[in-house]
Amino acid sequence: MAVIVTGADGFIGSHLCELLVTKGEKVRAFVYYNSFNSWGWLDTIDQKIKSEIEIFSGDIRDPNGVRVAMQDMDMIYHLAALIAIPFSYHSPDSYVDTNIKGTLNVLQAARDLETKRVLVTSTSEVYGTAQYVPIDENHPFQGQSPYSATKIGADRLAESFYRSFDTPVTIVRPFNTYGPRQSARAIIPTIITQLLSGKSEIKLGALSPTRDFNYVKDTVAGFVEIANSANTIGEEINIATSTEISIEELAREIINQINPKVQIICDEQRIRPDKSEVNRLLGCNKKITALTNWKQRYSFEAGIAETIEWFRKNNDNYKADIYNV
């Protein structure tokens, strides 16, 4: 298959590109154009794998570039998005342009080019705070941040193209993915980078919310398994472990692995507005296990251990003293 990955220079996208190459796919990586000729995290992967990837620099907000990038591709994994929730509070226009209009550009090109498979990346944040658990794909949507609202909009556009034009769309909905290369705006890198910087206290926001954490290698394996199944076309599919852990429990686990003497202090600027905080996420994975061969391979403890080891070697790339929104 000739496949293109948007957002390939990012955290999950770079891991997905690596996996696709090892599976023998012909991979084109759509990376965000910049004058530094940086390919993001793809610059750091094994040279042998990188040499097998075709790089296309562009901007997901530009329909012409997206269309050119998607020519001659059998399948698209659309991951390009703005994802930081605090940043969406003060810059929502950029989220509409990137997450909604960017997805529309992909869908329009896929329709015109008759792309064989279109995987659109969603997020568990579209569900908002759980109204029941485990959260299955029938759970109501609730836009508790401008970010989640734009992802809901993108999902519904994707659904409309499937229903209106028979575009072979699948909406892939990972729960909270973590692992090597993740941005420090996420909770696990926030904790690890502060600890590895030798701090005696670490700053966190709310400790009571719960999340369903996927190790990144399990997440990208889920993408591939969903793409390999004809039964997933037209579906919305969670990638979840069906295991729940609070932010405090998470922090204690990481602290115990790195420095058990460290204390947690509350930093007010890291706390979301009350009605915006998603207090509980616990995903149901019955659908993905029924329609594909996917199963979770990494325990939380094993995934955290691998993540910590990677950050030990790469912590200099992060600014632990700064709150990364």
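See the structure printed just above.
Residues numbered from 1 in each chain as written. Predicted model: local features only at pLDDT ≥ 70, side-chain atom pairs only at ≥ 80, totals over all residues. Heavy atoms only, no water.

### Some thoughts on the packing of aromatic side chains
Phase 1 of the analysis: In total, this model carries 16 aromatic pairs according to the counting rule given.
Phase 2 of the analysis: Residues Trp310 and Phe311 carry aromatic rings whose centres are separated by 4.9 Å and whose planes lie at 85 degrees to one another, so their mutual orientation is edge-to-face. Note on accessibility: Trp310 and Phe311 belong to one class, buried.
Phase 3 of the analysis: The ring of Phe165 has Arg111 lying over it, and the distance from NZ or CZ to the ring centre is 3.6 Å. (Phe/Tyr/Trp six-rings, centres within 6.5 Å; stacked < 30°, edge-to-face > 60°. Buried < 20%, exposed > 50% of the residue type's maximum accessible area, 1.4 Å probe, protein only. Lys NZ or Arg CZ within 6 Å of the ring centre and 35° of its normal.)

### Digging into helix α3 (residues 63–70)
Phase 1 of the analysis: Those residues of α3 that sit buried are Gly65, Val66, Ala69 and Met70. Seen from one end, α3 has its buried residues packed into an arc of 130 degrees, which puts them on one side.
Phase 2 of the analysis: Contact partners of the buried residues in α3: β1 (2–6), β2 (26–32), β3 (53–58), β4 (75–78) and α5 (92–113).
Phase 3 of the analysis: Backbone geometry just downstream of α3 places Asp72 in the positive-phi region, at approximately 70 degrees. (Helix = DSSP H or I, 4+ residues; strand = E, 2+ residues; numbered from the N terminus. Arc of directions from axis to C-beta. Contact = heavy atoms within 4.5 Å.)

### Describing the sheet that holds β1
Phase 1 of the analysis: Spatially, the seven strands line up as an open sheet ordered β3-β2-β1-β4-β5-β6-β11, and their pairing is parallel. Strands at the two margins of the open sheet, each flanked by one partner only, are β3 and β11 (236–239). Neighbour-to-neighbour, the strand axes of this sheet turn through a mean angle of 20 degrees, independent of strand direction.
Phase 2 of the analysis: Of the pairings in the sheet, the one linking strand β5 (residues 117–121) to strand β6 (residues 169–174) comprises four bridges and is parallel in character. (Pairing = 2+ DSSP bridges. Axes fitted to C-alpha atoms, helices over the stretch in contact; angles between N-to-C directions.)

### Section: unusual backbone geometry
Phase 1 of the analysis: For the bond running from Val133 to Pro134, omega is -10 degrees, close enough to zero to count as cis.
Phase 2 of the analysis: Note that Pro134 resides in the loop between β5 and α6 (146–165).
Phase 3 of the analysis: At Glu114, a residue that is not glycine, the phi angle is positive and equals roughly 55 degrees.
Phase 4 of the analysis: Classification of Glu114 as exposed rests on a relative accessible area of 67%.
Phase 5 of the analysis: With a phi close to 60 degrees, Asp166 is a non-glycine residue in the positive phi region.
Phase 6 of the analysis: Among the secondary structure elements, Asp166 is positioned in the loop between α6 and β6.
Phase 7 of the analysis: Taking relative accessible area as the criterion, Asp166 reaches 65% and is therefore assigned exposed.

### Regarding empty space enclosed by the protein
Phase 1 of the analysis: In total, this model carries one cavity of 30 Å³ or more according to the counting rule given.
Phase 2 of the analysis: If you add up the space inside the largest cavity, you get close to 70 Å³.
Phase 3 of the analysis: In terms of lining, the largest cavity is formed by Ala184, Thr190, Thr193, Gln194, Arg270, Lys319, Ala320, Ile322, Tyr323 and Asn324.
Phase 4 of the analysis: Among the residues forming the lining of the largest cavity, the class breakdown is four nonpolar, four polar and two charged. (1 Å grid on protein atoms, 1.4 Å probe; cavity = no way out; pocket = protein on both sides within 12 Å on 5 of 7 lines; lining within 4 Å. Points joined across faces, edges and corners; volume = space filled by probe spheres on them. Nonpolar A, V, L, I, M, F, W, Y, C, P; charged D, E, K, R; others polar.)

### A short note on the packing of helix α1 (residues 11–22) against helix α8 (residues 216–227)
Phase 1 of the analysis: For the pair α1 and α8, interaxial distance at closest approach is 9 Å and the crossing angle is 60 degrees. Of the possible angle classes, the one that applies to α1 and α8 is oblique. The way α1 lies across α8 gives a crossing that is right-handed. Residues Phe11, Ile12, His15, Leu16, Leu19 and Leu20 of α1 form the contact with α8, whose participating residues are Val216, Thr219, Val220, Ala221, Phe223 and Val224.
Phase 2 of the analysis: When the residues that make up the contact of α1 with α8 are grouped by side-chain class, the tally is ten nonpolar, two polar and no charged. (Parallel < 35°, antiparallel > 145°, perpendicular 65-115°, else oblique. Left-handed = near helix turned anticlockwise from the far one by under 90°.)

### Quick notes on the side chain of Glu125
Phase 1 of the analysis: Mapped onto the secondary structure, Glu125 falls in the loop between β5 and α6.
Phase 2 of the analysis: A distance of 3.3 Å separates the side chain of Glu125 from the side chain of Arg272, its partner in a polar contact.
Phase 3 of the analysis: Those residues in contact with Glu125 that lie beyond four places of it in its chain are Ile85, Gln142, Tyr147, Ser148, Arg211, Arg272, Val278 and Leu281. (Polar contact = N/O pair within 3.5 Å; in protein donor to acceptor, adjacent residues only side chain to side chain.)

### What about the pairing of β4?
Phase 1 of the analysis: Where burial is concerned, the two faces of β4 agree: the one with Met75 and Tyr77 and the one with Ile76 and His78 are both buried.
Phase 2 of the analysis: Pairing analysis gives four bridges linking β1 to β4, with the strands arranged parallel. Directly across from Val3, in β4, lies its bridge partner Met75.
Phase 3 of the analysis: In terms of strand pairing, β4 meets β5 through four bridges, oriented parallel. When the bridges of β5 are listed, Ile76 appears paired with Val118.

### Things to note about the nonpolar core
Phase 1 of the analysis: In terms of nonpolar packing, the biggest core is built from 57 residues, with Leu16, Ile53, Tyr77, Phe223, Leu250 and Ile254 touching the most fellow members.
Phase 2 of the analysis: Once you skip the residues sitting within four places of it in the chain, Leu250 turns out to touch Ile187, Ile188, Ile191, Phe213, Ile245, Phe300 and Ile304.
Phase 3 of the analysis: In this structure, Met73, Ala80, Leu107 and Val120 belong to the second largest nonpolar core, which totals 21 residues. (Core = buried A, V, L, I, M, F, W, Y, C linked by side-chain atoms within 4.5 Å.)

### Overview of the pattern of salt bridges
Phase 1 of the analysis: Under the counting rule described, the total for this entry stands at 19 salt bridges.
Phase 2 of the analysis: Of the charged contacts in the structure, one is a salt bridge between Glu236 and Arg173, with a shortest N-O distance of 2.8 Å. Within this pair, whereas Glu236 is found in strand β11, its partner Arg173 is found in strand β6, the two being separated by 63 residues in sequence. An identical accessibility class is assigned to Glu236 and Arg173; each is buried.
Phase 3 of the analysis: For Lys287, the salt bridge is made with Glu235, and the minimal N-O distance between the two is 2.7 Å. Taken together, the residues span a long stretch of sequence, with Lys287 in helix α10 (residues 286–291) and Glu235 in the loop between α8 and β11 at a distance of 52 residues.
Phase 4 of the analysis: Lys287 gets classed as partly exposed once you look at its relative accessible area, which sits at 23%.
Phase 5 of the analysis: Overlapping salt bridges, with partners in common, bring together Asp155, Arg156, Glu159, Arg163, Arg173 and Glu236 in one network. (Salt bridge = Lys/Arg side-chain N within 4 Å of Asp/Glu carboxyl O.)

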